[in-house]
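Reading the structure
One-letter residues, chain by chain:
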Amino acid sequence: HRAPGNAERDKYRHPIETLDFFGFKSNMTVIDVGPGEGWYTEILAPALAKSGKYLATGGDPNGPADARPTFYAQRFKSFLERSPELYGKTQMLVVDPKAPKLGADASADMVLIMRGVHGMVNAGTFSAYLAEINRVLKPGGVLGIEEHRAPADANPTDSAKKGYVPEKWVVDQVEAAGLKLAGKSEVNANPKDTKDYAEGVWTLPPTYRLKDKDHDKYAAIGE
């Protein structure tokens, strides 16, 4: 059921190994913060449909017609409606990123931020999201983060503009918000990634911001 090309990305994103590492179970209540075009939704929503709950954050599809968040929300809503047998139980959670509200206290077993931290850093909303995530997670609940890792000495404000964030800095921010580091995984690490591209991480697949320029070179590096 996955969109053309999405399964081919498993060799970089290792979704089964990643979710196993996070401790994902099909009876959980999972909040997916910023699901984008639904790469993980294709996996999570059907897995949670029978005995769990899948909530995906985003903008208001009925918001201002000229606003980018409205477009993204409409696109995601259309994606869900395309396959109601798979995604019909998904709950769209409309959030104000500057003051996010993710539900009731201690209501979620797992919150996922999949390649979204750099965007939060760029928007100045990371700390607001972390405070809210700490509030909605149940005791023993898990915040799972997948993110492009900047060099250890990188300035997070600068590196985030290129799509990368230093690992220790992220851990420090999360722990300052009241959570504790339970584990780290190298399953998605890419030693070929030199992290020094003029167009940032979007130089690499799947975006290929430089289009045909050095396409094979960046394809060989991978995500």
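Residues numbered from 1 in each chain as written. Predicted model: local features only at pLDDT ≥ 70, side-chain atom pairs only at ≥ 80, totals over all residues. Heavy atoms only, no water.

Concerning the packing of aromatic side chains
The line we're drawing: Note on aromatic pairs: the rings of Phe, Tyr and Trp (six-membered ring only in Trp) are paired at centre separations within 6.5 Å, and the planes decide the class, stacked below 30 degrees, edge-to-face beyond 60, tilted for the rest. Only protein chains enter the calculation, and the probe is 1.4 Å; a residue is then buried if its accessible area is under 20% of its type maximum, exposed if over 50%, and partly exposed in between. Starting at the N terminus, helices and strands are each numbered in turn, a helix being any DSSP run of H or I of at least four residues and a strand any DSSP run of E of at least two. Either the NZ atom of lysine or the CZ atom of arginine qualifies as a charge over a ring when it sits within 6 Å of the ring centre and within 35 degrees of the ring normal.
A complete count under the given rule lists seven aromatic pairs for this structure. Arranged with centres 5.5 Å apart and planes meeting at 50°, the rings of phenylalanine 71 and tyrosine 72 form a pair that is tilted. Take phenylalanine 71: its relative accessible area is 46%, and that puts it in the partly exposed class. With 5.9 Å between their ring centres and 85° between their planes, tyrosine 197 and tyrosine 218 make a pair best called edge-to-face. Pair noted here: tyrosine 197 is in the loop between helix H9 (167-176) and helix H10 (215-221) and tyrosine 218 is in helix H10, with a separation of 21 residues, a long-range link. Under the relative-accessibility criterion, tyrosine 197 is labelled buried at 8%. The ring of tryptophan 39 carries arginine 13 above its face, with NZ or CZ at 4.3 Å from the centroid.

Describing unusual backbone geometry
Across the junction of proline 205 and proline 206, the peptide omega takes the value 5°, indicating a cis bond. Of note, proline 206 is situated in the loop between H9 and H10. Of note in the backbone geometry, alanine 106 takes a positive phi value of approximately 50° without being a glycine. Along the chain, alanine 106 turns up in the loop between strand E3 (91-94) and strand E4 (108-114). Residue alanine 106 is classed as partly exposed on the basis of its relative accessible area, which comes to 37%. Of note in this structure, arginine 115 is not a glycine but carries a positive phi near 60°.

Focus: the nonpolar core
A general trend in soluble globular proteins is that nonpolar side chains are found buried together. Rules: Here, nonpolar core refers to any group of buried Ala, Val, Leu, Ile, Met, Phe, Trp, Tyr and Cys residues whose side-chain atoms link them within 4.5 Å. Pairs of residues are marked as contacts when any of their non-hydrogen atoms sit within 4.5 Å.
Ranked by internal contacts, the top residues of the largest apolar core, which has 24 residues, are Ile31, Val111, Phe126, Ile133 and Leu143. Among the secondary structure elements, those contributing two or more residues to this core are E4, helix H6 (117-123), helix H7 (126-136), strand E5 (137-146) and H9. No other element matches H7, which puts five residues into this core. Once you skip the residues sitting within four places of it in the chain, isoleucine 31 turns out to touch Leu55, Thr57, Leu93, Leu102, Ala108, Met110, Val111, Leu112 and Val136.

Structural notes on the side chain of threonine 70
Structurally, the position occupied by threonine 70 is in helix H4 (residues 68-82). Not counting the four nearest positions on each side in its chain, threonine 70 is found in contact with Asp60, Pro61, Gly63 and Pro64.

Comments concerning helix H2 (residues 15-22)
Along an α-helix, a turn takes 3.6 residues, which lines up residues three or four apart on a common side. To be explicit about the condition: Directions pointing from the helix axis toward each C-beta atom define the arc.
Those residues of H2 that sit buried are Pro15, Thr18, Leu19 and Phe22. Buried residues along H2 cover an arc of 90° about the axis, so they all sit on one side. With respect to the buried face of H2, the exposed residues turned more than 90 degrees away are Ile16 and Asp20. If you follow the buried residues of H2, they end up packed against helix H1 (10-13), helix H3 (41-48), E4 and E5. Immediately beyond the C-terminal end of H2, within one or two residues, lies glycine 23, with a positive phi of roughly 85°.

Some points on the environment of aspartate 96
Considering the arrangement of structural elements, one finds aspartate 96 in the loop between E3 and E4. In the structure, aspartate 96 is positioned 36 residues away from aspartate 60 in sequence and 9.1 Å away in space, judged by C-alpha atoms.

Section: the sheet that holds E4
Our working definition: For two strands to count as paired, DSSP must find a minimum of two bridges between them. Helix axes are fitted to C-alpha atoms over the stretch in contact, other axes to C-alpha atoms as well, and angles between N-to-C directions run from 0 to 180 degrees.
Spatially, the five strands line up as an open sheet ordered E3-E2-E1-E4-E5, and their pairing is parallel. If you trace the sheet from one side to the other, it starts and ends with E3 and E5, each paired once. Each neighbouring strand pair of the sheet contributes to a mean axis angle of 25°, computed without reference to strand direction. As judged from the three bridges shared by strand E1 (residues 29-32) and E4, these two strands associate in the parallel manner. Paired with aspartate 32 across the two strands is leucine 112, which belongs to E4. Where H7 meets the sheet, its contacts fall on E1, E4 and E5, and the angle it forms with E5 comes to roughly 140°.

Some details on the pairing of strand E2 (residues 53-58)
Keep this limit in mind: Looking down the strands as they point away from the viewer, one classifies a crossover as right-handed if the path from the first strand across the helix to the second runs clockwise.
Relative to E2, E1 runs parallel, the two being bridged by four bridges. Residue aspartate 32 lies in a different strand from E2, and its bridge partner there is alanine 56. With H3 bridging E1 and the parallel E2, this β-α-β connection has right-handed handedness. Note: E2 against E3, four bridges, orientation parallel. Bridge pairing in E3 places alanine 56 opposite methionine 92.

Note that every value here comes from positions in space, so none of it alone points to a role or purpose.
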